[in-house]
Amino acid sequence: MGRRSFFVVFVTMAGSLSSATWANSRAAIEAWNAGDFPLAIQEWQEPAQRGDAEAQFRLGEAYRLGKGVEQDLIKAEEMFARAAAQGHLEAANNYGLLLFHRGEKKQALPYLRTATDRGDARAQYLLGLAYFNADNVERDWPRAYALVNLARKQGLEQATT
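Residues numbered from 1 in each chain as written. Predicted model: local features only at pLDDT ≥ 70, side-chain atom pairs only at ≥ 80, totals over all residues. Heavy atoms only, no water.

A. Here's a closer look at the nonpolar core. Ranked by size, the top nonpolar core spans 36 residues in total, and within it W44, F80, L112 and Y125 carry the most contacts. If you list the elements that add at least two residues to this core, you get α1 (3-33), α2 (37-49), α3 (53-65), α4 (73-85), α5 (89-101), α6 (105-117), α7 (121-133) and α8 (141-153). Excluding residues that lie within four positions of it along the chain, L112 makes contacts with G96, L97, F100, A123, L126 and L127. By size, the runner-up hydrophobic cluster in this structure holds 7 residues, among which are L109, A130, A144 and L147. (Core = buried A, V, L, I, M, F, W, Y, C linked by side-chain atoms within 4.5 Å. Buried < 20%, exposed > 50% of the residue type's maximum accessible area, 1.4 Å probe, protein only. Helix = DSSP H or I, 4+ residues; strand = E, 2+ residues; numbered from the N terminus. Contact = heavy atoms within 4.5 Å.)

B. Region of interest: α4. A rise of 1.5 Å per residue sets the reference length of α4, with its 13 residues, at 18 Å; its end C-alpha atoms lie 18 Å apart and thus fit the reference within 8%. Those residues of α4 that fall on the buried side of the exposure criterion are A76, E77, M79, F80, A83 and A84. Around the axis of α4, the buried residues are gathered within 165° of arc, so they sit on the same side. Among the exposed residues of α4, those pointing more than 90 degrees away from its buried face are I74 and A85. Buried positions along α4 lie against α3 and α5. The N-cap residue of α4 is D72: its side-chain oxygen and the backbone nitrogen of I74 are 3.1 Å apart. Following α4 by one or two positions, G87 has its phi on the positive side, about 95°. (Expected span 1.5 Å × (residues − 1). Arc of directions from axis to C-beta. Polar contact = N/O pair within 3.5 Å; in protein donor to acceptor, adjacent residues only side chain to side chain.)

C. The arrangement of the layout of surface pockets in detail. Of the voids in this model, the largest pocket is the one considered here, and its volume is about 160 Å³. Forming the walls of the largest pocket are R64, N94, L97, L98, H101, R122, Y125, L126, L156 and Q158. Secondary structure elements with two or more residues in the lining of the largest pocket: α5 and α7. Grouping the constituent residues of the lining of the largest pocket by class yields 5 nonpolar, 3 polar and 2 charged. (1 Å grid on protein atoms, 1.4 Å probe; cavity = no way out; pocket = protein on both sides within 12 Å on 5 of 7 lines; lining within 4 Å. Points joined across faces, edges and corners; volume = space filled by probe spheres on them. Nonpolar A, V, L, I, M, F, W, Y, C, P; charged D, E, K, R; others polar.)

D. The environment of E77, seen in detail. Its place among the elements puts E77 in helix α4. E77 gets classed as buried once you look at its relative accessible area, which sits at 11%. Note: C-alpha distance between E77 and E61 (16 residues apart in sequence) is 9.4 Å. What E77 contacts, discounting residues up to four positions off in sequence, is Y95, L98, L99 and R102. At 2.6 Å, the side chain of E77 and the side chain of R102 are in polar contact.

Geometric values such as these leave the question of function open.
Written out as structure tokens, the structure reads:
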């Protein structure tokens, strides 16, 4: 087989893999939205094991929420970490939040800062609290107020009190 023929076969195979992955993902999301959480999780297992960041994120959500699986924040954190390492932004946000809640506040700060920059209200609130309490950052009450206020304006209930 010549180089050109190999390339055409490779591109065709890659395209069909992408289509199959897309079909599985779509079926999983439809199952999730219909409340068939076990089916959605089944559909995401293989792509997640192959390193698909979106499937890893979705499984992380299932473990975080305890939908279709027993709630397991350690497993959720693991899935979010894998997806975040590949650049999945929502997974990075959730990974930082779980780290913070687990007490790994210093390790969570970079994730919270980038999530804050992207407008995540939960991260704004937690980072605001960190600045208010001087928790692994220098105390900065104006910044703390501004961040908590941003979270409040987005409707985050905890930020309203």
